[in-house]
Amino acid sequence: MSTVDLTADTFEQTVTGNDIVLVDWWAEWCGPCKMFAPTYADVSGKHEDVVFGKVDTEDQQALAQGAGISSIPTIMAFKEGVLVFRQAGALPARELESVIEQVKGLDMDEVRAKIAAEETSQENAQA
């Protein structure tokens, strides 16, 4: 699957409307981003069941700010609309493949239970 450009208008719908979405936050002036782009594009062709999105942080500054992007490239992985991976820096192809396989293998019932437990713990700590 080829990569898709994501914008403030399409980001949420893409993330929530697909099972697995990877997002590459990048900018034209970013050397590491340019070096990572061919790897990201190559890996995207091997996973028809994953949406590979790209967000140009210069063009989509409000979206990048809302996502807390402070370093690029940053890679995010969402499964069933939940952010399950986030890392700044370019990944070698082998590591990107590993992230994808781990995301595919996640039990989302367990992930949601852990999130709920953390939220409850934080609420109790604030009380």
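As shown above, the structure is provided for reference.
Chains are numbered independently. Their residues run from 1 in the order of the written sequence. The predicted origin of the model limits local features to residues at a pLDDT of at least 70 and limits the giving and counting of side-chain atom pairs to 80 or more, whereas totals for whole chains, interfaces and linings rest on all residues. Only hydrogens and water are set aside when side-chain values are computed; all heavy atoms of the structure are taken into account.

1. A few points about the packing of aromatic side chains
The aromatic pairing rule takes the rings of Phe, Tyr and Trp, using the six-membered ring of Trp, and pairs them if the centres are within 6.5 Å, calling planes under 30 degrees apart stacked, those over 60 edge-to-face and the rest tilted. Enumeration according to the criterion identifies four aromatic pairs in this entry. Ring plane angle 50° and centroid distance 5.6 Å describe the contact between F11 and W25, whose orientation is recorded as tilted. Of this pair, F11 sits in helix 1 (residues 11–16) while W25 is found in strand 2 (residues 20–26), placing the two residues 14 residues apart along the sequence. Aromatic pair F36 and Y40: ring centres 5.6 Å apart, planes at 45°, arrangement tilted. Residue F36 and its partner Y40 are both found in helix 2 (residues 31–44); the two are separated by four residues, about one turn of the helix. Y40 carries the same exposure label as F36, and that label is buried. Only DSSP runs of H or I with at least four residues qualify as helices, and only runs of E with at least two residues qualify as strands; both kinds are numbered from the N terminus onward. Only protein chains enter the accessibility calculation, which uses a 1.4 Å probe. A residue is then buried if its area is under 20% of the maximum for its type, exposed if over 50%, and partly exposed in between.

2. What about the pairing of strand 2?
Counting buried residues in strand 2 gives seven out of seven residues, a clear majority hidden from the surface. Burial of the side chains of strand 2 extends over both faces: I20, L22, D24 and W26 are buried on one face and V21, V23 and W25 on the other. Here, strands pair whenever DSSP counts at least two bridges between them. Strand direction decides the pairing type here: strand 2 and strand 3 (residues 51–56), joined by six bridges, are parallel. Within the sheet, the bridge partner assigned to W25 lies in strand 3 and is V55. On the question of chirality, the crossover connecting strand 2 to the parallel strand 3 by way of helix 2 is right-handed. Convention used here: a crossover is right-handed provided that the path from the first strand, over the helix, to the second strand proceeds clockwise when the strands point away from the viewer.

3. A few points about the sheet that holds strand 1 (residues 4–5)
Taken together, the five strands give an open sheet; going across it, the order is 1-3-2-4-5, and neighbouring strands pair in mixed fashion. Looking along the sheet, the strands with just one partner apiece sit at the ends: strand 1 and strand 5 (82–88).

4. Thoughts on the pairing of strand 3
Of all six residues that make up strand 3, five are buried, and the element is covered over most of its length. For strand 1 and strand 3, the ladder comprises two bridges, and the chain directions are parallel. The residue of strand 3 that forms the bridge with D5 is K54.

5. Quick look at helix 4 (residues 93–105)
A rise of 1.5 Å per residue sets the reference length of helix 4, with its 13 residues, at 18 Å; its end C-alpha atoms lie 18 Å apart and thus fit the reference within 8%. Buried within helix 4 we find L96, E97, V99, I100 and V103. Looking down the long axis of helix 4, one finds its buried residues gathered within 155° of arc, a one-sided arrangement. Opposite the packed face of helix 4, turned more than 90 degrees from it, sit the exposed residues R94, Q102 and G105. Residue contacts are defined here by distance: any two heavy atoms, one from each residue, within 4.5 Å place the two residues in contact. In this structure, the buried side of helix 4 is in contact with strand 2, helix 2, strand 3, strand 4 (74–79) and strand 5. What a helix should span is 1.5 Å times the count of its residues minus one. Arc, as used here, means the arc of the directions from the helix axis to the C-beta atoms.

6. A look at the pattern of salt bridges
Within this document, salt bridges are pairs made up of a side-chain nitrogen of Lys or Arg and a carboxyl oxygen of Asp or Glu, the two lying within 4 Å of each other. Counting across every chain of the model gives six salt bridges. For K104, the salt bridge is made with D49, and the minimal N-O distance between the two is 3.2 Å. Of this pair, K104 sits in helix 4 while D49 sits in the loop between helix 2 and strand 3, and the two are 55 residues apart along the sequence. A relative accessible area of 47% means that D49 is categorised as partly exposed. The shortest N-O distance in the salt bridge between K104 and E101 comes to 4.0 Å. In this pair, K104 and E101 are both assigned in helix 4, three residues apart and thus about one turn of the helix distant. Residue class for K104 comes out partly exposed when judged on its relative accessible area of 26%.

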